[in-house]
Amino acid sequence: MQHDGTIADSPKSHRRGKHTKAKIALSTALAAAVAGGVLVYANASATTAVPALATGDTRTVGEPHTPTTVCRTVTAALATASRTFTAAQEAAAPDTARIQQALNACKQSGSAQVSVVLAASGTRTAFLTGPLTVPQGVVLLLDSPVTLYGSLKASDYQISSKPTCGTVGSSNGGCKPLVAVSGANAGVEGVRAANGTQGRIDGRGDLTLNGRSTTWWGLATQAKNDGGSQNNPRMIQAVKSDNFTLYDIDLVNAPNFHVSYQNGTGFTAWGVRIKTPASARNTDGIDPSGATNVTIADSFVMAGDDGIAIKGGSTASKNITVKNNHFYGTHGISIGSETASGVSNVLVTGNTVTGTDANGTASGSSVGLRIKSSGATGGPVSRITYLNTCVTKVKQPLVFDTHYASGSGSTPVFTDVVVNGVRATSTVSGGKSVVAGFDSGHPVGLSLLNVSLDRASVSAEYAKVGLYNSALKPSGTGVATSTLGGSGTVPTCAFPAYPAL
């Protein structure tokens, strides 16, 4: 890591290839803070102390590796140049049963882990499947030229006694995910080739549903326009799956959320490339909820909603690290809106956020860094640290909003939030940041250091804000500011293009 306050756009060595990313370097003082979790300032005359920094994931997390033991290999029997298949194949996905049989046969106990490999056979590189379940100790491993395509037959995903999958109704929850993960020590991974290709899952959210005249994304748009709820399947959903790993996998065109990780301990996402247009509604990138010890690293996320949304609804989320990732056309790196059970000790460091996707389409709600909650879903959000973030082409560089939605019954409280090192460029005309505490008894507790925004407008109320070298200076009803002693510099930024898939 460099310590000169610049961004080095240099490739990082990677097993079976290279991931190219912009590395945001830290000043010497700030680098020490990341390593030790304590920020020490030389200016003894500071009137306000900076809260202790978040340390994130308590595990020592390095780049994952695929299992050494192959339990089963399933060979592709399909080929496609158009992402579609014959009418008979679309009506009855031919690979569901044989992939699921292999997964079931390989279920492990204890800490053992094996892989089920989806392998190419010459020019046959495609699998077409309905919902799958990955059991304990099994990694679903896709070879580098392989694509697993999700069924376009909505009834394949139907959950009994729930709203009809593939429709817009008064409620959602009618669809199984394409890939459900059940049990510990499981994973969904790809093999990365020297030319940069890696295993892929394609949810085909943009293609016409079987026997219908709309797409998954069309249903989401209809729900927005009509005020209903779309019943679309998530791509990957892991529930109570401790030590779950996503590695070197491409996730594209999801019908709904790409990855939902719920109520588990130990989740690593590394080398993940998510690519879905900014216009595809409710296609969140990676959402940890009720999660402990999470690392999301070295990944590229392009999606039509939050790039990351850390939630603490029925169960608290804590000890989370988000580092060295790049976001395109998303709604930003988010916490919330569900925070009733709490979110704490989150370290977000060395990321870039671009408000347009790889096609140049602007996000409908482009934000850089965001904590969002409300009286309906609120709770304590504490010890959140953002270090060296680069933001461009967004409407709202920084948002800390306790009034994200209407409702009452719980109180959102944001405390010990530290932003050290952020630069925003090419902010959308009229754009502004938001710092909004709940009321005079529950102000946002925020420290802003080394903040450079090309548009420093801010809407603020009920906040206690410490400032050092910050272009953003909130003022308004119930806003009190103080001076922080500090060091370090604003990062110099570069924004890598989304890599070719």
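For every chain, the first residue of its written sequence is number 1, and the numbers climb from 1 along that sequence. Thresholds applied to this predicted model are a pLDDT of at least 70 for local features of residues and 80 or more for the giving and counting of side-chain atom pairs; totals over whole chains, interfaces and linings are not thresholded and use all residues. To get the side-chain values, take all heavy atoms of the structure and skip hydrogens and water.

The next thing to look at is the state of the cysteines. Our working definition of a disulfide is a cysteine sulfur pair at a distance within 2.5 Å. Evaluation of the coordinates by the stated rule reveals three disulfides. The residue that forms a disulfide with C390 is C493, at a sulfur-sulfur distance of 2.0 Å. Between C390 and C493 the disulfide shows an S-S torsion of about -80 degrees. By sign, it is left-handed. With C390 in strand β32 (residues 380-392) and C493 in the segment after β39 (479-483), this pair connects stretches of sequence that are 103 residues apart. On the accessibility criterion, C390 (0% relative accessible area) is buried. By definition, any uninterrupted DSSP run of H or I lasting at least four residues is a helix, any uninterrupted run of E lasting at least two residues is a strand, and each is numbered from the N terminus. Relative accessible area decides the class of each residue, using a 1.4 Å probe on protein chains only: under 20% of the type maximum gives buried, over 50% gives exposed, and in between gives partly exposed.

This brings us to the pattern of salt bridges. Note on definitions: salt bridges are taken to be side-chain nitrogens of Lys or Arg within 4 Å of carboxyl oxygens of Asp or Glu. Enumeration over the complete set of coordinates arrives at 10 salt bridges. When salt bridges with common partners are traced through the structure, they connect R83, D202 and D206 into a single cluster.

Among the six residues that make up strand β31 (residues 367-372), six are buried, leaving the element largely enclosed by the rest of the structure. If DSSP finds at least two bridges between two strands, the strands pair. As paired strands, strand β28 (residues 333-335) and β31 are joined by three bridges and run parallel to one another. If you follow I335 over to β31, its bridge partner there is I371. In the sheet, β31 pairs with strand β33 (residues 396-401) via five bridges, with the strands oriented parallel. Residue pairing in the sheet places K372 in a bridge with D401 of β33.

This part takes up the pairing of strand β20 (residues 265-270). Of all six residues making up β20, five are buried, and the element is well covered by its neighbours. Across four bridges, strand β17 (residues 244-247) lies against β20 in parallel orientation. Looking across to β20, one finds that Y247 is bridged to W270. Here β20 pairs with strand β23 (residues 292-297) via five bridges, running parallel. Each residue of the ladder has a partner; that of T268, found in β23, is T295.

What follows deals with the environment of L53. With respect to the helices, strands and loops of the structure, L53 is situated in the loop between α1 (28-36) and β5 (70-75). Judged by relative accessible area, L53 falls into the buried class, the value being 1%. For the pair formed by L53 and Y149, sequence separation is 96 residues and the distance between their alpha carbons is 42 Å.

Turning to the environment of T361, a few remarks are in order. In this fold, T361 is placed in the loop between β30 (352-354) and β31. Through-space distance from the C-alpha of T361 to that of P177 is 27 Å; in sequence the pair is 184 residues apart. Here T361 is in contact with A278, G355 and T356, once residues within four sequence places are set aside. Every residue pair with non-hydrogen atoms within 4.5 Å of one another is taken to be in contact.

What follows covers helix α4 (residues 216-226). All of the buried residues in α4 are W216, W217, L219, A220 and A223. Each buried residue of α4 lies within a common arc of 160 degrees when the element is viewed along its axis, so the set occupies one face. Residues of α4 that are exposed and point more than 90 degrees away from the buried face comprise N225 and D226. On its buried face, α4 is in contact with β11 (168-169) and β15 (229-230). Two N or O atoms count as a polar contact when they lie within 3.5 Å, although within protein this holds only if one can serve as hydrogen donor and the other as acceptor, and sequence-adjacent residues are included solely when both atoms are side-chain atoms. Of the residues that open α4, the one with a side-chain oxygen 3.3 Å from the backbone nitrogen of W217 is T215. Looking one or two residues beyond α4, the residue adopting positive phi is G227, at roughly 80 degrees. The directions from the helix axis to the C-beta atoms form the arc being described.

Okay, the confidence of the model for the protein next. Chain-level statistics for the protein give a pLDDT mean of 92 and a share of 91% at 70 or above. For the protein, the element scoring lowest by mean pLDDT is strand β1 (residues 7-8), at 35; strand β14 (residues 200-202) scores highest, at 99. Contacts of residues 1-46 to residues separated by more than four positions or lying in other chains number 121 contacts, the stretch itself having pLDDT below 50. The pLDDT value tells you how sure the predictor is about a given residue, anywhere from 0 up to 100.

Grouped together as the largest cluster of nonpolar side chains are 91 residues, with contacts concentrated most on I201, I236, L246, Y386 and F400. Residue contacts for Y386: discarding those within four places in its chain leaves I335, V348, L369, R370, I371, F400, V417, V418, V419 and N420. Residues F85, A93, A126 and Y149 belong to the second largest nonpolar core, which totals six residues. Here, nonpolar core refers to any group of buried Ala, Val, Leu, Ile, Met, Phe, Trp, Tyr and Cys residues whose side-chain atoms link them within 4.5 Å.

Each Phe, Tyr or Trp ring (for Trp, its six-membered ring) is paired with any other whose centre lies within 6.5 Å, and the angle between the two planes then decides the class: stacked below 30 degrees, edge-to-face above 60, tilted in between. In this structure the tally under the stated criterion is nine aromatic pairs. Plain terms: the ring middles of F85 and Y149 are 5.4 Å apart, the flat faces sit at 70 degrees to each other, and that makes the pair edge-to-face. Of this pair, F85 sits in the loop between β5 and α2 (87-91) while Y149 sits in strand β10 (residues 147-150), placing them 64 residues apart in sequence. Each member of the pair, F85 as well as Y149, is classed as buried. Pairing F244 with F267 gives two aromatic rings, centres 5.6 Å apart and planes at 20 degrees, and the pair type is stacked. Here F267 lies in strand β20 and F244 lies in strand β17, a separation of 23 residues in the sequence. Like F267, F244 is buried. These aromatic residues form a ring-pair network of at least three members: F244, Y261 and F267.

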